[in-house]
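# Architecture at a glance
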Amino acid sequence: MIEMLVALVVLAVGMLGIAGLFAISLHSGSSAIARMQAVNLAADIADRIRANRRAGNAYGGAAADNSCTGAAAVSCSPAQMAADDLYRWQQQLSRAIAGAAPTGTVVVTPGTPPTYTITVGWTEKNASPQYQMQIQVPTS
């Protein structure tokens, strides 16, 4: 009888350890998904900047819904397209990393060619990780 109780205690301790590992695995998995989304979103805005290279410093400005894309798209200047790109990117950001208070910024450093620093940040349980990338895009 005592042997069965000892075996039961050992089994219970083992099961608690497995439950702890499972919880850590779930947290790590959600963190990995958020990091993957951040990398993809930074690459997305980088591609938008490369496609609209004549906008120059406009990607460092404010976001605005200018309806430059979609079914009822209007003709936009490069600066308006940049503001529209930023607006759509920030909408994607809030949907992709839901519940983690995501932030996305683009900082333009003038030069030849200009340098764009793209930062995507979010909050997790005990941390505020961020992903940052830099690209240089000639304006012509």
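Residues numbered from 1 in each chain as written. Predicted model: local features only at pLDDT ≥ 70, side-chain atom pairs only at ≥ 80, totals over all residues. Heavy atoms only, no water.

### Observations regarding the pairing of strand S2 (residues 115-121)
Counting buried positions along S2 yields seven of seven residues, so the element is predominantly enclosed. Judged by which residues are buried, S2 turns out to be covered on both faces: Thr115, Thr117, Thr119 and Gly121 on one side and Tyr116, Ile118 and Val120 on the other are all buried. Where strand S1 (residues 103-109) meets S2, seven bridges bridge the pair, whose relative direction is antiparallel. From the neighbouring strand, Thr109 faces S2, where its bridge partner is Thr115. The loop that links S1 with its antiparallel partner S2 comprises five residues. Here seven bridges tie S2 to strand S3 (residues 130-136), and the two strands are oriented antiparallel to one another. Bridged to Tyr116 within S3 is Ile135. (Buried < 20%, exposed > 50% of the residue type's maximum accessible area, 1.4 Å probe, protein only. Helix = DSSP H or I, 4+ residues; strand = E, 2+ residues; numbered from the N terminus. Pairing = 2+ DSSP bridges.)

### Quick word on the pattern of salt bridges
For the structure shown, the criterion picks out five salt bridges. For the salt bridge of Asp85 with Arg48, the shortest nitrogen-to-oxygen distance reads 3.3 Å. Of this pair, Asp85 sits in helix H2 (residues 78-96) while Arg48 is found in helix H1 (residues 2-51), placing the two residues 37 residues apart along the sequence. Three or more residues are tied together by salt bridges with common partners; here these are Asp44, Arg48 and Asp85. (Salt bridge = Lys/Arg side-chain N within 4 Å of Asp/Glu carboxyl O.)

### Structural notes on the confidence of the model for the chain
Averaged over every residue, the pLDDT of the chain is 88; residues scoring 70 or more account for 99%. Taken element by element, the chain is modelled with least confidence in H1, mean pLDDT 89, and with most confidence in S2, mean pLDDT 94. (pLDDT = per-residue confidence, 0-100.)

### Focus on unusual backbone geometry
Going from Thr112 to Pro113, the amide bond is cis rather than trans, its omega being -5 degrees. Here Pro113 shows up in the loop between S1 and S2. One non-glycine residue, Ser67, adopts positive backbone phi at about 55 degrees. Within the secondary structure, Ser67 is located in the loop between H1 and H2.

### Points about the sheet that holds S3
Pairing is antiparallel across the open sheet formed by three strands, whose spatial order is S1-S2-S3. A single partner strand is all that each edge strand has here, and the edge strands are S1 and S3. Averaged over neighbouring strand pairs, the angle between their axes works out to 15 degrees when direction is ignored. H1 contacts S1, S2 and S3 of the sheet and is inclined by roughly 20 degrees relative to S3. Across the face of the sheet, H2 comes into contact with S1 and S2 while running at roughly 145 degrees to S1. (Axes fitted to C-alpha atoms, helices over the stretch in contact; angles between N-to-C directions. Contact = heavy atoms within 4.5 Å.)

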